[in-house]
Amino acid sequence: MSTADHDIPAAGPRTGLGTRLWAHRVDYLFLVPGLVIFGAFILWPMLASQYYSLLDWSGFDSRRIFVGLRNYRELLADEFFVAAFWRSVWFTLATVPLQMLLGLVLAVILNNRLLKLSAVFRTLIFLPVVTPVAVIAIVMALMLSPFNGPINDLITGAGLVQRAVDFLGSPQLVMWSLAGIYVWKWTGVTMIYWLAALQTVPDELYEAARLDGVTGRQVTMYVVMPIIAPFAVVIGLISAISALNVFPLIQATTQGGPFFASEVMEVFIFRTAFAPPSGTFPQLGYASAAGVLFGLAIMGLTILQVLAVRRTRRKEPGHG
Amino acid sequence: MSGVTLRNVTKTFGAVKVIKGVDIEIGEGEFCVFVGPSGCGKSTLLRMIAGLEETTGGDIEIGGRRVNDLDPKDRGAAMVFQTYALYPHMDVARNMGFGLRMNGWPKDEVDRRVQEAARILQLEPYLDRKPKALSGGQRQRVAIGRAIVRDPEVFLFDEPLSNLDAELRVATRLEIAKLHGTLGNSTMVYVTHDQVEAMTLADKIVVLRDGRVEQVGPPMELYRNPANLFVAGFIGSPKMNFVELSSGAMPDGTPVAQTGTARTLGFRADALRRSADGPLAGTVSVVEQLGDAVFAHFRTPWGQELVARFDPGTEIRAGEELRFDIAGPRHLFDADGQAMDAALRPAA
């Protein structure tokens, strides 16, 4: 990002890697704790799961059979896996645009200095973000309950529906309900991202526009939006990756039900590995293969994000 | 084109009064510079004229109209910001024409005005460039262009040269001075903390301190007849020398003729002449060779640092013992710091 990248002096006379490592041995010693933690908790599980994905193994006994890519072949033919994969994609596509749009609208409103109590509103909107998922799951189960839940009371009372709606118990509605809960919980974070983006618009631009007789709406449309547009790529991708990691919310509300109707990728992996339906066995090898495939999908998205961020930085105002 | 009048203007931020009753009359076509140290309220005053800050008390008139309650866009003022305030995603032409277009002006008229402004500011080759592809000086010219296309009654400049390097600052200063002539002597109000900018650009300087006007007048009037110690010290480079007097004598007891009851004697660096039997003695501490002048900073027997100007080429060395006559104009100030030798008062 900075021009300092070009100012790095040329390397000194080259010596052997071993010699250089030995010369800086004390420096490298300081890296050891970090490397150990990274290795034990990130690198090892990743490599291990790739190995497990090639095994027929329950994860709980010593009987491990190497089956090559059989797990992968079976997965691609497994309608539960395919459904869960597309459900994750659907969930991301349903939540991210809505979350970004809502976050942007709220940020633009709350960025207005003239708005009194904007700090209070920001805090209120951010409150669901810091509330534990388990608490939200319990509260939402009560709120959305078809049995005297306040939301059902409200909509039946207002005559919008004849009978109480089972938001979390209906296979047709459950994903929409979860998407709604998710957007409600996480819009605060998107709003904070947008607010940060809005801080990059200097006050003088608003003032110059005011002197020019440009209306607030025109300033937002023609000045602010084009300036913060490059941030949309980054915010969108961060939101998308977080929407793919929705396991805690779904596990705490529906556990993937009813009838697997809310089983997204992560819930599928968890169920296959640790909580199989009664009468079947856990399949850690099979679940690992699903994890690897899902991981590859997320990695693809992450690479896309890195490329997009680089592109955005190049296009960012002031970087020329 | 019209003048600007400020009548008993005040401004408070919460409990803090930052502008404490300011009266200024800026004539039509005048180039008026507000100058003063940081925090004196000069930028606040400019923003109040623009309408970007509300006025707490008093009246602001532009072209004889009271504008206190008018929206910034209706005041007939255009402002050039220190940071240029250019829209980074628009090219030069769009930056200059944006305000007009948003106000529904016909495209042909907007284009005509943009072309005209670009011609005046020599920006024609850059019309399709984005601000980031321009130098600081060019960006500031675009900001000025954006003001010109509006054909305002008053141009307001808020420290427009502060973000430029020394060389560009001098060049852009000259361009602004030329522009004042080119634009049919439009009224310009210019804020700076740099007294050199004030001296070189202004028809009229308003010296501000702590939310009050210290003195108003043409640059040379302020230079020759400062109304008080503050103005005397602020206007002119190097700073005026001040010597505390006690019963008509300098701190080392050397008597100074015709000082009356004055408490402070002021004289500029160029008022000192080297003289073997002059009343003012000192040891040279630093010599500054500026090419067209030599400034010798010397330490008096009572330990005060003063400065004297010499003709170019004069050989002076640090450590040299010198004596001076105060041959040029002298300024006398009373115990309150007010000038005694002329009936000067801070007034328009």
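Residues numbered from 1 in each chain as written. Chains lettered and ligands numbered in written order. Predicted model: local features only at pLDDT ≥ 70, side-chain atom pairs only at ≥ 80, totals over all residues. Heavy atoms only, no water.

Among the UniProt annotations of chain B, the heading Sequence similarities (unreviewed entry) holds the following wording: "Belongs to the ABC transporter superfamily." (UniProt positions renumbered as here; feature names shortened; annotations may be inferred.)

The name recorded for chain A in an unreviewed UniProt entry is Carbohydrate ABC transporter membrane protein 1, CUT1 family, from Wenxinia saemankumensis. In the Sequence similarities (unreviewed entry) part of its UniProt record, chain A is described as follows: "Belongs to the binding-protein-dependent transport system permease family." Note on chain A: under the UniProt heading Subcellular location (unreviewed entry), the record states "Cell membrane".

Draft legend 1. Structural detail: the packing of helix α3 (residues 70-77) of chain A against helix α4 (residues 79-110) of chain A. Residues and elements named next belong to chain A. Two numbers describe how α3 lies on α4: the axes approach to 5 Å, and their chain directions differ by 70°. Taken together, the axes of α3 and α4 are roughly perpendicular relative to one another. Touching Leu-75, Leu-76 and Ala-77 of α3 are Glu-79, Phe-81 and Val-82, all from α4. The residue makeup of the contact of α3 with α4, split by class, is five nonpolar, no polar and one charged. (Axes fitted to C-alpha atoms, helices over the stretch in contact; angles between N-to-C directions. Helix = DSSP H or I, 4+ residues; strand = E, 2+ residues; numbered from the N terminus. Parallel < 35°, antiparallel > 145°, perpendicular 65-115°, else oblique. Contact = heavy atoms within 4.5 Å. Nonpolar A, V, L, I, M, F, W, Y, C, P; charged D, E, K, R; others polar.)

Draft legend 2. Broad picture of the environment of B:Asp252. Residue and element names in this part refer to chain B. Its location among the elements puts Asp-252 in the loop between β11 (241-244) and β12 (264-267). On the accessibility criterion, Asp-252 (36% relative accessible area) is partly exposed. Residues Asp-252 and Ala-15, spaced 237 residues apart in sequence, show a C-alpha to C-alpha distance of 46 Å. Here Asp-252 is in contact with Pro-301 and Trp-302, once residues within four sequence places are set aside. (Buried < 20%, exposed > 50% of the residue type's maximum accessible area, 1.4 Å probe, protein only.)

Draft legend 3. Just the domain arrangement of chain A, in detail. Residue and element names in this part refer to chain A. Each domain of chain A was delimited in the assignment, giving domain 1 (16-66) and domain 2 (75-315). If you average the C-alpha positions of domain 1 and of domain 2, the two centres end up 33 Å apart. Facing the nine residues of domain 1 at the interface are ten residues of domain 2. A combined buried area of about 660 Å² lies between domain 1 and domain 2, and 72% of that area is made up of carbon and sulfur atoms. Per-residue buried area on domain 1 facing domain 2 is highest for Ser-53, Ser-58 and Phe-60; these three make up 49% of the total on that side. Here domain 1 is connected to domain 2 by zero salt bridges. Along the contact surface separating domain 1 from domain 2 lie two residue pairs in polar contact (both at pLDDT 80 or more). Ranked by residue count, the leading element in the side of domain 1 that touches domain 2 is helix α2 (residues 25-52), at three residues. Counted by class, the side of domain 1 that touches domain 2 contains four nonpolar, five polar and no charged residues. (Domains from an automatic or database assignment. Buried area = accessible area lost by both parts, 1.4 Å probe. Salt bridge = Lys/Arg side-chain N within 4 Å of Asp/Glu carboxyl O. Polar contact = N/O pair within 3.5 Å; in protein donor to acceptor, adjacent residues only side chain to side chain.)

Draft legend 4. Structural view of the interface of chain A and chain B. If you look at the interface, chain A gives 22 residues, while chain B gives 23 residues. Looking at the side of chain A facing chain B, the largest losses of area belong to A:Arg210, A:Leu211 and A:Asp212, adding up to 36% of the total buried there. In this assembly, chain A and chain B are joined by two salt bridges. A salt bridge links A:Asp212 to B:Arg150, with the shortest nitrogen-to-oxygen separation between them at 3.7 Å. Those elements giving two or more residues to the side of chain A that touches chain B turn out to be α9 (203-211), α10 (216-244) and α13 (284-315) of chain A. Among the elements that take part in the side of chain A that touches chain B, α9(A) stands out by supplying seven residues, more than any other. Each residue belonging to the side of chain A that touches chain B can be placed in one class, and the counts come to ten nonpolar, five polar and seven charged.

Draft legend 5. Just the pattern of salt bridges, in detail. All names here are of chain B. Counting across every chain of the model gives 25 salt bridges over all chains. Notably, a salt bridge pairs Arg-65 with Glu-153, separated by 3.7 Å at the nearest N-O pair. Taken together, the residues span a long stretch of sequence, with Arg-65 in strand β5 (residues 65-66) and Glu-153 in the loop between α4 (136-148) and β7 (154-158) at a distance of 88 residues. Relative accessible area serves as the criterion here: at 22%, Glu-153 is assigned to the partly exposed category.

Draft legend 6. Spatial organisation of the domain arrangement of chain B. Residues and elements named next belong to chain B. According to the domain assignment, chain B contains domain 1 (4-229) and domain 2 (239-344). The C-alpha-based centres of domain 1 and domain 2 are spaced at 38 Å. Counting residues at the interface gives ten residues for domain 1, matched by eleven residues for domain 2. Of the roughly 860 Å² buried at the junction of domain 1 and domain 2 (both faces included), carbon and sulfur atoms supply 59%. For domain 1, the biggest contributors to the area lost against domain 2 are Tyr-223, Ala-227 and Leu-229; these three give 59% of the whole. Taken together, domain 1 and domain 2 are joined by zero salt bridges. Taken together, domain 1 and domain 2 are joined by three residue pairs in polar contact (both at pLDDT 80 or more). Considering every element that reaches the side of domain 1 that touches domain 2, the biggest residue donor is helix α7 (residues 219-224), with four residues.

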